[in-house]
Protein chains: 2
Amino acid sequence: MVTLNDIAKMANVSKSTVSRYLNNGSVSQKTREKLDKIVQETGYQPNLLAQSLKAQKSNMVGVIIPRYGSPSTNEVLKGIDSIAYTEDIQLMITNSDLDIERTKKNIRLLQRQKVGVIILLATTIDEELEEQLRTSKTPIIIVGQKLSGLPAYVYQDYEAGRLIAEHAIKLGHRHLLFVGVTEEDYAVGVLRKKGFYDVAKQNGAQVSFIQSDFSRSQNYEKALKYLPQTKATYIAAATDHMAIGIFNACMELGVQIPNQISLSGFGGYSETRNVLPHITTIQYSHSEMGETIMKAALQTLETGKNRLHTELPVQLLIQGSTEELKG
Amino acid sequence: MVTLNDIAKMANVSKSTVSRYLNNGSVSQKTREKLDKIVQETGYQPNLLAQSLKAQKSNMVGVIIPRYGSPSTNEVLKGIDSIAYTEDIQLMITNSDLDIERTKKNIRLLQRQKVGVIILLATTIDEELEEQLRTSKTPIIIVGQKLSGLPAYVYQDYEAGRLIAEHAIKLGHRHLLFVGVTEEDYAVGVLRKKGFYDVAKQNGAQVSFIQSDFSRSQNYEKALKYLPQTKATYIAAATDHMAIGIFNACMELGVQIPNQISLSGFGGYSETRNVLPHITTIQYSHSEMGETIMKAALQTLETGKNRLHTELPVQLLIQGSTEELKG
DNA sequence: CTGAAAGCGCTAACAA
DNA sequence: TTGTTAGCGCTTTCAG
C-alpha cells in the first residue's frame, strides 16, 4: 500500500509538504506538479483511519435503524442519504433488529468508531438505554420517541388521528371503527387512536375498537370475522399495511369499498396504491424527516450542540377508498 | 475522552500491560483486578480507529447497494446482516443511488476506510468500473453481474424464465404473453425472457411480447390498452411489481384472474400477497443470497482470496393467480 | 509478569 | 515555501 511517506520519498520532499499539498495547498508550483504526477501514477489515496485518528473524529454519521426493509425506515434513510451525499459525509448504518440490547451495543460501537453524531431511529427505550443516551459524549439524535430533556424528532401522530376522524365525520360517517395496536407503541398505539377518538366523540359519532397487530395476515383474519357483524361504515386502520389486510378481507367477503364501507390507513407508503381503489391515508413525509434529521446532524457536527425536539407535520391523502356516506 | 494511556497512569502500570489485559490476558491476578475496576469506573472503550490503524485493516465489510428501499436489496441486506452480526463484524453500507460514478466513488471511500472486503450489489458496470474492480487491492465480491475472471454471485435467471413457461404449459396454456423490460438489464431483460421463450417454443406455444418498464403505473396503463385485444390466456410479467400493475388493470376491466387470464411475476416478494388471489411467482431467495455472500466475504477476510462465481437456484411459487386453462 | 520503545499514516506547530 | 518534530491511541517486539 502506498502511503504519504512513500510519496514524500519518491518526490524527495518531506511528509509535511505532501500533507500540505493534499490539504492547504501552500506549495510551490514545481513540487505541486511533481506531486501531481506521482500521486497520479501511484494512485495514492490518503488513509482515512489515520486521518480520523489524528483528527480525533471521523466525519461519519452513525445511523441505527430498527430493521431492514421497513418502508418508513427506507424513506427516512433516503432523506438522510440525500443530504449526507451532497455534504460529502459518510454514513455508518447499523441495524438493531428491534433488539434493545443490540441498540446499546451499536451505540457503543459507533462511539468507538468516533462518529461525529449518532442518529437513532428508536422503537423502545428502557432505563439503561436512556442512561446511555443521556451520558453519551457523542451527540445522539433520537427519532420517533420523546424523552424529556433529550433532543428528538417525532411526527404529529395525535394530529394524524384527528385528521382521519375529521375526514370521516366530514363524509357523514357516524359509526366508526378503529383497528389499532398495542399501547406499548406510543405513537401508533396511543396517539393515533386518541386523536381519532377525541374528534369522533366531539362530534357525537359512535366509535368501536379492535386491537390487532401490525401484520397483514392478522388483520385479514380479524376483519373476516368481524366485518359481517359490524355496523361501522368507516374503518380506520392504524397503518397502511393493516389496511391492506382488511381490504383483502373485504374483497373476500364481497364487501365493496368504498360503496359499503370506507377504509383508511396511516403511513402514505406506495403500498396504498397496490390495490384498487387506492387507500386513503395520512402521509408521513419520512424522506423529509430524514432530511431534517440529517441537517440537524450536520449542525451538531459543526457546533457540537443539538436543539430540542421538533414535531413534523402530517398530511391527509384522500384516495378512492373513502367516500361520502350513502343516504 | 479516556484512553488506554489514562488507564495505565491510573493503575500505575504501563500501556503495554493494559493492552495485554485487554487482549491476550497475560497479566497477574492483582493488576487484572485493579484494571477491572478502573475500566469499569471510567467506562473506557478502546478506540477502534487506533486499533484499525495499527492493524492496517478494520474488521469491517463494505456494502454498496444500488438504492434504498428496493425489496430485493433489503432482503439481501438482511441475509448479510444476520451473518455479520453473529460473526461480530461491522458493516459499512453505502448507497450508489443507481449512479455508476457514485459507485466508483464509494469503492474508493471504502478502500480508504481499509475495509476488509467490499460487497458490490451491481447494476451496470462500465469499462472504468471494471478496471477499478480488477485492480482493487481490497477484495471485491460482485453480486448480480457476471464479469469474466472476477468472482461473482448471480441467480439462475434463465432457469427462472424456463420454470414459469413450463408452469404455463403444464396448465395447458397455448397463448402466452411476456411483459418484459429493456435488454440493457441482462438478468431481467434478457435471461428471464429467453428462458421463457425457449420453453414456450419447444412446446409449440404462441408467444407475444410487450416491452414495458419496471413501474407499476406503466404496466397498468399498457395492460389497460392491450388486454382487451389479446388472445393470451397466460401473462408472465418480468417482475412482481409489474404484475401488480397488470393485476390492477384486470380488476379495472373486469377481467377475472385466474378464470379468464392467468398471471405471474418474478421475485417472490411479499407484495404478491397484497392482492387476492396472490400472484404466482418465482422465489428468489435474496436473504439466502445475502448469507451466501457474507459467508464468502468472511472467507475472503481470512484467506484474502475469493472463489469464482456461483449461481443460486430459484424456485417456482404457485399461488392463486394461475390456473389450468378452461376447456 | 511487566515496561520501554518503536511505529501504524497522518497532521500541525514551529523553525528555518 | 519547506523540513523537523511530536503526537493522535493502540499493539507488539524485546529486555528485564
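As recorded by an unreviewed UniProt entry, chain A carries the name LacI family transcriptional regulator, sucrose operon repressor and is attributed to Atopostipes suicloacalis DSM 15692.

## Description of the protein's contact with DNA strand C
Around DNA strand C there are 26 residues in total, and Leu-4, Lys-15 and Tyr-44 of chain A together with Thr-17 and Ser-26 of chain B lie nearest to it. Backbone sugar and phosphate groups make up 61% of those atoms of DNA strand C lying within 4 Å of the protein. Counting only elements with at least two residues in the surface near DNA strand C, the list comes to α2 (15-22) and α4 (48-55) of chain A together with α2 (15-22) and α4 (48-55) of chain B. Counted by class, the surface near DNA strand C contains eight nonpolar, 14 polar and four charged residues.

## Some points on the sheet that holds strand β3 (residues 117-121) of chain B
Residues and elements named next belong to chain B. Taken together, six strands build an open sheet; the order of strands is β2-β1-β3-β4-β5-β11 and the sheet is parallel. The outermost strands of the open sheet, each flanked by one partner alone, are β2 (90-95) and β11 (310-312). If you compare each strand with its neighbour and ignore which way they point, the axes differ by 20° on average. Sheet topology places strand β4 (residues 140-143) next to strand β5 (residues 152-155); two bridges connect them, and they run parallel. Bridging from a neighbouring strand, Ile-142 pairs with Ala-152 of β5.

## Description of the domain arrangement of chain A
A common way to express how large an interface is: the accessible area buried when the components associate. As assigned here, chain A comprises domain 1 (4-46), domain 2 (60-155 + 286-314) and domain 3 (157-283). Look at where the C-alpha atoms of domain 1 of chain A and domain 2 of chain A centre, and you get two points 38 Å apart.

## Considering the packing of helix α1 (residues 4-11) of chain A against α2 of chain A
All names here are of chain A. Closest axis-to-axis distance for the α1/α2 pair is 8 Å, and the angle between their directions is 110°. Here α2 runs roughly perpendicular to α1, going by the angle between their axes. Side by side, α1 and α2 meet where Leu-4, Asn-5, Ile-7 and Ala-8 of the first sit next to Lys-15, Val-18, Ser-19 and Leu-22 of the second. Of the residues belonging to the contact of α1 with α2, the class tally is five nonpolar, two polar and one charged.

## Remarks on the pairing of strand β8 (residues 234-237) of chain A
Residue and element names in this part refer to chain A. Here β8 shows two buried faces, one formed by Tyr-234 and Ala-236 and the other by Ile-235 and Ala-237. Sheet topology places strand β6 (residues 175-180) next to β8; four bridges connect them, and they run parallel. Across the sheet, the residue bridging to Leu-176 is Tyr-234, located in β8. In terms of strand pairing, β8 meets strand β9 (residues 262-264) through three bridges, oriented parallel. Residue pairing for β9: Tyr-234 is matched across the bridge by Ser-262. Remark: the β8/helix α11 (residues 240-253)/β9 crossover connection has right-handed handedness.

## A word on the packing of aromatic side chains
Residue and element names in this part refer to chain B. Across all of its chains, the model carries eight aromatic pairs over all chains by this definition. Taken together, a centroid distance of 5.0 Å and an interplanar angle of 85° make the contact between Tyr-155 and Tyr-284 edge-to-face. With Tyr-155 in strand β5 and Tyr-284 in the loop between β10 (281-283) and α12 (286-303), this pair connects stretches of sequence that are 129 residues apart. For Tyr-284, a relative accessible area of 4% puts it in the buried group. Ring geometry for Phe-178 versus Phe-209: centroids 6.3 Å apart, planes at 15°, classification stacked.

## Re the relation of the copies chain B and chain A
Once chain B is rotated about the relating axis by 180° and shifted along it by 0.0 Å, it coincides with chain A to within an RMSD of 0.1 Å. Put plainly, the chains are arranged around a two-fold axis. Interface overlap between copies is the fraction of interface residues in one copy that are interface residues in the other; for chain B against chain A it reaches 98%, indicating a shared surface.

## A few points about the protein's contact with DNA strand D
Around DNA strand D sit 26 residues in total, of which Ser-16 and Ser-26 of chain A together with Leu-4, Lys-15 and Tyr-44 of chain B are the nearest. Those atoms of DNA strand D that come within 4 Å of the protein belong to sugar or phosphate at a rate of 60%. Here a base oxygen of DNA strand D and a side-chain polar atom of Ser-16 of chain A are 3.0 Å apart. The contact in question runs from a phosphate oxygen of DNA strand D to an N or O atom on the side chain of Asn-23 of chain B, over 3.3 Å. Taken together, the elements giving at least two residues each to the surface near DNA strand D come down to α2 and α4 of chain A together with α2 and α4 of chain B. Class assignment for the residues of the surface near DNA strand D results in eight nonpolar, 14 polar and four charged.

## Quick word on the interface of chain B and chain A
Across the contact, 46 residues belong to chain B and 46 residues belong to chain A. Both sides together, the interface formed by chain B and chain A hides about 4,800 Å², and carbon and sulfur atoms give 55% of it. Taken as a group, Leu-49, Tyr-68 and Arg-112 of chain B account for 17% of the area that chain B buries against chain A, more than any other trio of residues on that side. Taken together, the connections running from chain B to chain A amount to four salt bridges. In this structure, Lys-105 of chain B and Asp-88 of chain A form a salt bridge, with 2.9 Å as the shortest nitrogen-oxygen distance. Inspection of the region where chain B meets chain A yields 16 residue pairs in polar contact (both at pLDDT 80 or more). Listing elements by their share of the side of chain B that touches chain A, those giving two or more residues are α4, α5 (71-86), β2, α6 (100-112), α10 (216-226) and α11 (240-253) of chain B. Class assignment of the residues belonging to the side of chain B that touches chain A gives a composition of 19 nonpolar, 15 polar and twelve charged.

Conventions adopted
- Residues numbered from 1 in each chain as written.
- Chains lettered and ligands numbered in written order.
- Predicted model: local features only at pLDDT ≥ 70, side-chain atom pairs only at ≥ 80, totals over all residues.
- Heavy atoms only, no water.
- Near = heavy atom within 4 Å.
- Helix = DSSP H or I, 4+ residues; strand = E, 2+ residues; numbered from the N terminus.
- Nonpolar A, V, L, I, M, F, W, Y, C, P; charged D, E, K, R; others polar.
- Pairing = 2+ DSSP bridges.
- Axes fitted to C-alpha atoms, helices over the stretch in contact; angles between N-to-C directions.
- Domains from an automatic or database assignment.
- Parallel < 35°, antiparallel > 145°, perpendicular 65-115°, else oblique.
- Contact = heavy atoms within 4.5 Å.
- Buried < 20%, exposed > 50% of the residue type's maximum accessible area, 1.4 Å probe, protein only.
- Right-handed = clockwise from strand over helix to strand, strands pointing away.
- Phe/Tyr/Trp six-rings, centres within 6.5 Å; stacked < 30°, edge-to-face > 60°.
- Least-squares fit on C-alpha atoms with pLDDT ≥ 70 in both.
- Polar contact = N/O pair within 3.5 Å; in protein donor to acceptor, adjacent residues only side chain to side chain.
- Buried area = accessible area lost by both parts, 1.4 Å probe.
- Salt bridge = Lys/Arg side-chain N within 4 Å of Asp/Glu carboxyl O.

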